[in-house]
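Topology and contacts: notes
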Amino acid sequence: MIARASGRVRSLAVVVVPPLLVLLAALGFWYLMSYQVLEETEKFLLPPPHELFTDALMVEEVRADVLDALWVTTKTALVGLAVSLAIGVVLAVAMAKARWIERSVYPYAVFLQTVPILAIVPLVGFWFGYEMFARVLICVIISLFPLIINPLQGLLSADRGLHDLFTLSGASGFTRLIKLQVPAALPDVFVGLQVAAGLSVVGATVGDLFFGRGAIGLGLLMQRYSSRLQSAELLATVMVTCLLGLVVFWIFGALGRRLVGRWSPAWGAR
C-alpha cells in the first residue's frame, strides 16, 4: 500500500515538477526584464506578472469586460469547431469510400490550409458582415484541414487483415465503416480535434481582432487595450486567450484518453 502510494507520488512529481520549473524560470525572466532590463520610462511595455492581476483582472470593470469577451470568443470557437468537425468527418468518410472523391477534394483541402487568413478576414467581413456567421466562417477556414486529414488517415489505416475478414463474412460497406474503420479512426480524430480546437480559438480571436466591430470578443478587447497603451490589461487578455486554447486542448486530450486510451497506443495503451 505504501509502495503504491509512493509510486503515485513519484508519477505525479514527474508530471508536475518539470512544467512548474519552466513556469518559475519564465516568471523569473519576466521579473528580470521588468525591473532590471527595461528603463523606467519603458516599464509600461512589460509590466511585472503580478500587475496582470492587481491592475487588470482584480479590477471589477476590467474583469467583467474580459469575462464577457471570453464568452463571445469561446462560443464562436466552439461553434466553428463543431461545424468543422461535421464537415471534416463527412468529407473524410466520402474520400475514404471513393477514390475519385479523394482525388477531387484532397488538393482543395490542402489549398484551404494555405489560405492567408489575415489577408481574407477583411473580405469575409465585407461579404458576410461582422457578427456570428462571419466569425464562425473564419474558425472553419482555419480549423477544417486537420479535421479532414486526420480522420481520413485513420479511416484508411484500418488493418488490411480485418478488411479481408469483413469481406469473407460478406459485411456491407456500412457495417465495415461503423465496426472497423470508425473505431480505427477515433485516435486520429481526437488528435485532429486537439489541433483544430486550438486553431479555432486562434480563428475566433483573429477574426474578432481584424473585424474591429460587432460583439466584443477577446481579439477586439486586445485591440482596444493596445490602442490605449494599457499593457497590463492587454497582457492579461492575452493570457486568458492562451488559457482558453490550453483548456480546449486538454479537454479533447482527456476525452481521447478516456474513450480510446485503453486500446490505442497513441493515447497511452501499452
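Residues numbered from 1 in each chain as written. Predicted model: local features only at pLDDT ≥ 70, side-chain atom pairs only at ≥ 80, totals over all residues. Heavy atoms only, no water.

1. Let's talk about a nonpolar patch on the surface
Together, L243, L246, V247, F249, W250, I251, L255 and L259 make up an exposed nonpolar region whose accessible area comes to about 740 Å². Among the structural elements, V247 can be located in helix α10 (residues 231-260). (Patch = residues over 30% accessible without salt bridge, like charges linked within 9 Å, V, L, I, M, F, W, Y side chains within 5 Å. Areas by Shrake-Rupley, 256 points an atom, 1.4 Å probe, with all protein chains shown as cover. Salt bridge = Lys/Arg side-chain N within 4 Å of Asp/Glu carboxyl O. Helix = DSSP H or I, 4+ residues; strand = E, 2+ residues; numbered from the N terminus.)

2. Regarding helix α5 (residues 117-128)
In an α-helix, one turn spans 3.6 residues, which is why side chains three or four residues apart end up on the same side. Taking 1.5 Å per residue, twelve residues should reach 16 Å; α5 reaches 15 Å between its end C-alpha atoms and fits that length. Taken together, the buried positions of α5 are occupied by I117, V121, V124 and G125. The buried residues of α5 all sit within an arc of 95 degrees when viewed along its axis, so they share a single face. Residues of α5 that are exposed and point over 90 degrees away from its buried face: F126 and W127. (Expected span 1.5 Å × (residues − 1). Buried < 20%, exposed > 50% of the residue type's maximum accessible area, 1.4 Å probe, protein only. Arc of directions from axis to C-beta.)

3. Section: the side chain of S34
Among the secondary structure elements, S34 is positioned in helix α1 (residues 2-37). There is a polar contact of 2.8 Å between the side chain of S34 and the backbone oxygen of L46. Ignoring any residue separated from it by four or fewer positions in sequence, one finds S34 in contact with K43, L46, P47 and P48. (Polar contact = N/O pair within 3.5 Å; in protein donor to acceptor, adjacent residues only side chain to side chain. Contact = heavy atoms within 4.5 Å.)

4. Some details on the pattern of salt bridges
All chains considered together, the criterion is met by two salt bridges. Of the charged contacts in the structure, one is a salt bridge between R99 and E102, with a shortest N-O distance of 3.3 Å. Placement of the pair is R99 and E102 together in helix α4 (residues 99-113), with a separation of three residues, close to one helical turn. Given a relative accessible area of 55%, R99 falls into the exposed group. A salt bridge links D208 to R135; the nearest nitrogen and oxygen atoms lie 2.7 Å apart. On the criterion of sequence distance, the pair formed by D208 in helix α8 (residues 173-211) and R135 in helix α6 (residues 132-156) is long-range, its members being 73 residues apart. As far as the burial class goes, D208 and R135 line up, both buried.

5. Looking at the state of the cysteines
Overall, the coordinates contain zero disulfides when judged by the stated rule. Unpaired in terms of disulfides, C139 finds its nearest cysteine sulfur in C242, a separation of 16 Å. With relative accessibility at 0%, the residue C139 sits in the buried group. (Disulfide = S-S within 2.5 Å.)

6. Remarks on α6
Taking 1.5 Å per residue, 25 residues should reach 36 Å; α6 reaches 35 Å between its end C-alpha atoms and fits that length. If you look at α6, its biggest bend is around 45 degrees, right at S143, and the proline P146 turns up within four residues after that. Here α6 lies mainly inside the structure; 20 of its 25 residues are buried. (Bend = angle between axes of the 7 residues up to and from the residue.)

7. Brief notes about the confidence of the model for the protein
Summary statistics for the protein give a mean pLDDT of 86 and a share of 94% for residues scoring 70 or more. The least confident element of the protein is α1, whose mean pLDDT is 77; the most confident is helix α3 (residues 60-97), at 93. (pLDDT = per-residue confidence, 0-100.)

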